[in-house]
Amino acid sequence: MGEKTSWIDDKWPPRNKKFRMKGPVYERPRTIENKEEVSIDPTVRQLLEKAEAEGIETAWHRLLAQQPQCGFGLLGICCRNCLMGPCRIDPFGYGPQRGVCGATADTIVARNFIRMIAGGAAAHIDHGREIALVLYEVATGKNKYYKIADEKKLIAIAQRLGVPTEGRDIMEIAKDVAEIALRDFGKQDSELPAFVKAYATKRRLELWKKLGVLPRAYDREVTEVMHRTHMGVDADPLNILLGGIKLAIADGWGGSMVATEFSDVLFGTPKPLKSVVNLGVLKEDYVNIIVHGHIPLLSAKVVEAARDPELVKLAQDLGAKGINVVGMCCTGIEVLQRLGVPMAGNMLQQELAIVTGAVEATVVDVQCIMPSLANVARCYHTKLITTIPIAKIPGSVYVEFTPEKADEVAREIVKMAVENFPNRAKERVMIPKERIELWAGFSVEALLEHLGGTLDPFLEAVKRGDIRGVVGIVGCNNPKVKHDYSHVTITKELIKNDVLVVGTGCWATAAGKAGLLIPEKAVEMAGPGLKRVYEELKLPPVIHMGSCVDNSRILVLLGAVADALGVDINQLPVVGSAPEAYSEKAVSIGTYFLAAGVDVHLGVIPPVYGSDLVTDILTKEAEKFGLGRLIVETDPHAAAKIMLDIIDEKRKKLGI
Amino acid sequence: MAQQPALSFPRPPLSALSFPVEPAKPKNYVIFYDPNRCLGCWNCYLACAVEHSQSKDLFQAIHETPKPMPRLRVLSIPRLALPYVVQCMHCENPPCMNVCPVGAIYKGPDGIVRIDEAVCIGCKQCIRACPFGAMLFDHDRGVAIKCDMCEDRLREGLPPACVEACPTGALRFGDLSEIVRGREQEVGKRFYEALRQLIEPRPKAKKASYKDVVPAPSARWY
């Protein structure tokens, strides 16, 4: 673990040179000393300075205050699943080796790990359910605010699912498709969900059947994992982990897949388009609204409402030039890739966006919304607007959003933001200058169209060696890692070595901010092979595939490539990577890539090292089952090298 | 209001001060344990073992052989189930030092009681003598071991590992005078608070209600 990627001390316990006793209390540092080390994004440094000057704390400050983090938690050997506990295992072997119930470190680590998968998968599955319910309501005519924007995609889905399409009304097809999808969430039989059956490759399905990890219904798998990890149920670490893999499959080819596919139906399949990214997209004399969260149902409507001439007129009457909606996190990407809405930043910039002092309202739905936003917003005129009953934040304004009243609620929210404009303190506004172009919206359909309707030219380039392999980089930001640094470094290192990089989520925003999503710029940094590919196929070396549920797009692509070559996914020269992962969703995503047979690199140390057995299963043994394995490497340069080695090895085995 | 002349007192020139400047006293380092703040999380125990490992890294230390030995223990007070950390007090008149037949235990000018492992014969008299049970024994090497106050860390200007790892400030570190001053302040503050409450009892501040901000949850999420 060579290069230091963490701006805080990566030693445990930390080695804090600034140790002082202040009265009776041991004082730890409160301010970030070297702001250059926190992020490679210049906006972060500027706004951190502003935040500190104004006495506002951010995630980085709170991470500092959290030091040292619990050693047992870092190793994953603390169990809080029952009231006999909490129990912890002494990793050095002098103290207790079993919890009160008798669970060993292996059992505890495995149980904790799949509970994390359950959290992440549940988030994706709920996301998918919302979209599927709206599609059903649109199909049955109950909801007039949304429409079927992409009939071609709907028919493609129907054909995959085996729904008859010839000569039928589009609404009838939509109803059938939505019914099938909704049934998969909570059905009680032991059949394979229709979506998983339709989207997973034959070879994978056979392997999963052999391993006994075929999912039955998405909700049922979440329930089963929670049941399995209850005290006194499953104690076999391998069996527990297989349960986690079963759930991850239900997430990847189920919940996330439904979310992506139906979002495309309702809002249009993304096509390549140009937009801008980074906090410079906030405009000084406009009403700025940030849409933050994950589900496009709300954000798309807010964008629509902000274009309403009546509300724009209201904004102009109040002294603004207009209304500027910008995106944050994955809902931002959803509207970026479909509507070209500018992107303000990724997960760790959510507080900093408000610190600019130029934001009238931050509209949030679910997932990745820091509860601290209310505290930051309180220091400015900014209104934090929560909209979903399961995601309320004390100190926010709550406007309930329901798809039946989508337009009214979106208008109300935008109006609230516009009316907040006169409260802005102009002297406190500081908007960073940084803004840069990016290309987004490369869905699988768009990529195929780009390549002329067939994968052959792409496969030809792979066989020729112009494209050495493909790495999918996904996932979050984590303040433990230098913000954006690992994302960008790994990407640059890989494209230099002719590895095509596709990715989603906060990686995509990081890559965009580094200019890697401008094809001309990325090609300059790419190796000779990718340069040739760009000249011939116009395929950029770095491809933005969407938000974090859109990782299912990568699964579809992998399946299509594997089928076209007549091999299984685990033979392809493909690696997944999550260099700055933080969330439970990332754990679930990582696990479904493992289930797909893709090796996954993780740049943050997962809480599994307390058990040798679980670590061994995940990092070594999993490969023998035909699944991917986990590679933990915090140094981005070393990680890129490991990934290149894996790609070369797989190419050799494939004989290309 | 008319400006008043600044108060000034005749003061002798600095050179007239003739009393000798005392040489700086050597530090008398203390690890102070406050059971009131202790949650019993065992992080000091982990940190101690990591610090006394070869790799000094949590993720590698747990796989080392011989297993790193922590020099402190987290015990539970019988019947009360309250945590209690036992580690060397670095006594001013250490019984372990006094009973050691070969003089392997000595107290340095910095207040740290050390064991010279080359001299130790493993007779375990010190274990018997310690009134706290803080002396431990390394069976592999056959020598007594104890808290060394993380000397390597002290030399780098860092506090001992257990103190750094403590999330609640139950373990504190410093020169004896600093610790005593801290204690004085703490007790004084508590005493002052109690007095002030007696003199002018303050009404309790009204807590902000969540109901002001968030309406009642609705039945269904879309």
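Calculation notes
- Throughout this document, residue positions are counted from 1 along each chain, in the order its sequence is written.
- Chains and ligands are labelled sequentially in the order written, the chains with letters from A and the ligands with numbers from 1.
- Residue-level local features of this predicted model are given only where pLDDT is at least 70; pairs of side-chain atoms are given and counted only at 80 or more, and the full residue set underlies all totals for whole chains, interfaces and linings.
- Each side-chain value is worked out from all heavy atoms of the structure, with water and hydrogens disregarded.
- Each helix is a run of DSSP H or I of at least 4 residues and each strand a run of E of at least 2, with the numbering of both proceeding from the N terminus.
- Note on method: radius of gyration uses C-alpha positions; expected globular size equals 2.2 Å times residues raised to 0.38.
- Relative accessibility thresholds used throughout: buried, under 20% of the residue-type maximum; exposed, over 50%; partly exposed, between the two (1.4 Å probe, protein chains only).
- Whether two residues touch is decided by their heavy atoms; if any such pair falls within 4.5 Å, the residues are in contact.
- All accessible-area figures derive from a Shrake-Rupley calculation using a 1.4 Å probe, and residue coverage is judged against the displayed protein chains alone.
- In this tally, Lys and Arg are treated as positive and Asp and Glu as negative; His is ignored, and so are the chain termini.
- Where a charge lies is defined by one atom per residue type: Lys uses NZ, Arg uses CZ, Asp uses CG and Glu uses CD.
- When two parts are brought into contact, each loses some accessible area as probed by a 1.4 Å sphere; the total of that loss over both is the buried area.
- Any carboxyl oxygen of Asp or Glu that lies within 4 Å of a side-chain nitrogen of Lys or Arg is treated as forming a salt bridge with it.
- Side-chain atoms alone can form a polar contact between residues adjacent in sequence; in general such a contact is a pair of N or O atoms within 3.5 Å, and within protein one must be able to donate a hydrogen while the other accepts it.
- Definitions used throughout: a 1 Å grid over protein atoms alone; a cavity as a set of points that fits a 1.4 Å probe which cannot get out; a pocket as an open set with protein on both sides within 12 Å along at least five of seven lines; a lining residue as one with an atom within 4 Å of a point.
- Grid points are joined across faces, edges and corners, and a volume is the space filled by probe spheres set on the points.
- For this scheme, ten residues count as nonpolar: Ala, Val, Leu, Ile, Met, Phe, Trp, Tyr, Cys and Pro. Four count as charged, namely Asp, Glu, Lys and Arg, and the remainder, Gly too, count as polar.
- Note on pairing: two strands pair once DSSP finds at least 2 bridges between them.
- Each domain's limits were defined by an automated method or a database of domain assignments.
- Residues enter a nonpolar core if they are buried and are Ala, Val, Leu, Ile, Met, Phe, Trp, Tyr or Cys, with the set joined through side-chain atoms within 4.5 Å.

Chemist: I'm lost on the overall build of chain A in this one. Help?
Modeler: Scanning chain A from terminus to terminus reveals 26 helices and 18 strands. On C-alpha atoms alone, chain A measures out to a radius of gyration of 24 Å, which is about the 26 Å that the 2.2 N^0.38 rule sets for 656 residues. Taking the principal axes of the C-alpha coordinates as reference, chain A spans close to 80 × 65 × 55 Å. Residues classed as buried in chain A amount to 65% of the 656 residues present. Considering only intrachain contacts with a sequence separation of at least 6, the fraction spanning at least 24 residues in chain A is 76%. Carbon and sulfur atoms provide 53% of the accessible area of chain A, an area that totals close to 23,200 Å². Counting 80 positive and 82 negative side-chain charges, chain A places the averaged centre of each group 3 Å from the other.

Chemist: How do you make sense of the interface of chain B and chain A when you look at a structure like this?
Modeler: One frequently used descriptor of interface size is the decrease in accessible area upon assembly of the parts. Chain B puts 47 residues into the contact, and the matching count from chain A is 52 residues. Carbon and sulfur atoms supply 64% of the area that chain B and chain A bury against each other, a total of about 4,500 Å² over both sides. The interface formed by chain B and chain A contains zero salt bridges. Seen at the junction of chain B and chain A, the total is six residue pairs in polar contact (both at pLDDT 80 or more). When contributions to the side of chain B that touches chain A are tallied by element, the ones reaching two or more residues are helix 1 (43-51), helix 2 (58-61), helix 6 (161-165), strand 8 (171-175) and helix 7 (176-199) of chain B. It is helix 1 of chain B that contributes the most residues to the side of chain B that touches chain A, seven residues altogether.

Chemist: What exactly am I supposed to notice about the side chain of A:H483 here?
Modeler: Residue and element names in this part refer to chain A. Topologically, H483 is positioned in the loop between strand 13 (469-473) and helix 19 (485-496). A polar contact is formed between the side chain of H483 and the side chain of S39, at a distance of 2.9 Å. Each residue touching H483, except ones within four places of it in the same chain, is listed here: V38, S39, I40, D41, V44, W60, N346, L348, Q349, N477, K513 and E580.

Chemist: Help me out: how do you make sense of the pattern of salt bridges in this one?
Modeler: With the rule as written, the count across this model stands at 65 salt bridges over all chains. With a shortest N-O distance of 3.4 Å, A:R553 and A:D550 are connected by a salt bridge. In this structure A:R553 comes out as buried when scored by relative accessible area, which is 3%. Connected through shared salt-bridge partners, B:E51, B:K56, B:D110, B:R114, B:E151, B:D152, B:R153, B:R155 and B:E164 make up one network.

Chemist: Which parts of the structure should I look at to understand the layout of surface pockets?
Modeler: Any space left empty among the atoms is revealed by the rolling of a water-sized probe across them. Residue and element names in this part refer to chain B. Of the volumes computed, that of the second largest pocket is approximately 590 Å³. Lining the second largest pocket are 30 residues, with H52, R71, E117, R141 and D148 sitting closest to its centre. Contributions of two or more residues to the lining of the second largest pocket are made by strand 5 (113-115), strand 6 (136-138), strand 7 (143-145) and helix 5 (151-155). Tallied by class, the residues present in the lining of the second largest pocket amount to eleven nonpolar, four polar and 15 charged.

Chemist: Honestly, empty space enclosed by the protein in this entry has me stumped. Any pointers?
Modeler: Residues and elements named next belong to chain A. In total, this model carries eleven cavities of 30 Å³ or more according to the counting rule given. Its boundaries defined by the atoms lining it, the largest cavity holds a volume of some 180 Å³. Secondary-structure elements contributing two or more residues to the lining of the largest cavity are helix 18 (456-464), strand 13 and helix 23 (551-565). A class-by-class count of the residues in the lining of the largest cavity yields 14 nonpolar, two polar and no charged.

Chemist: Would you explain the pairing of strand 8 of chain B in this entry?
Modeler: Taken residue by residue, a regular strand's side chains alternate between the two faces of the sheet. Residues and elements named next belong to chain B. The element strand 8 is extensively covered by neighbouring structure, given that five of its five residues are classed as buried. Pairing geometry for strand 1 (residues 29-33) and strand 8, over five bridges, is antiparallel. By the bridge assignment for strand 8, Y29 is matched with D175.

Chemist: Help me understand the domain arrangement of chain A in this model?
Modeler: Residue and element names in this part refer to chain A. Per the domain assignment, the segments of chain A are domain 1 (20-69), domain 2 (105-267), domain 3 (279-428) and domain 4 (440-654). Measuring from the centre of the C-alpha atoms in domain 3 to the corresponding centre in domain 4 gives 32 Å. Each partner contributes to the interface: domain 3 provides 16 residues, whereas domain 4 provides 22 residues. Buried surface at the junction of domain 3 and domain 4, both sides included, amounts to about 1,400 Å², of which 65% is carbon and sulfur. The three residues of domain 3 that bury the most area against domain 4 are Q337, N346 and L348, which together make up 38% of that side's buried surface. Taken together, the connections running from domain 3 to domain 4 amount to zero salt bridges.

Chemist: What's the story with the nonpolar core in this structure? I'm lost.
Modeler: Nonpolar side chains in soluble globular proteins tend to end up buried together. Residues and elements named next belong to chain A. Among the nonpolar cores identified, the biggest contains 239 residues, and F195, W208, W253, F262, I323, F458 and L494 are the most heavily contacted of them. Considering every element that reaches this core, the biggest residue donor is helix 4 (residues 105-139), with 16 residues. If near-sequence neighbours (up to four positions away) are discounted, F195 is found in contact with I157, L161, A181, D184, Y218, W253, M257, V258, E261 and F262. I8, L48, I56 and L63 belong to the second-largest nonpolar core, a separate cluster that totals 44 residues.

Chemist: Explain unusual backbone geometry to me, please; I cannot follow it from the model alone.
Modeler: Backbone geometry follows two general trends: most residues other than glycine have a negative phi, and most peptide bonds adopt the trans configuration. In this structure, A:P86 follows A:G85 across a cis peptide bond, with omega equal to 0 degrees. Note on placement: A:P86 falls in the loop between strand 3 (78-79) and strand 4 (87-88). Of the consecutive residues B:T65 and B:P66, the connecting peptide bond is found in the cis state with omega at -5 degrees. Residue placement: B:P66 occurs in the loop between helix 2 and strand 2 (73-77). The backbone of A:C329 shows a phi angle near 60 degrees, a positive value even though the residue is not glycine. With respect to the helices and strands, the residue A:C329 is situated in helix 13 (residues 329-339). Looking at A:C329, the relative accessible area reads 2%, which means it is buried. The phi torsion at B:H90 lies on the positive side, around 50 degrees, for a residue other than glycine. Considering the arrangement of structural elements, one finds B:H90 in the loop between strand 3 (82-86) and helix 3 (95-99). Its relative accessible area of 5% is what places B:H90 among the buried residues.

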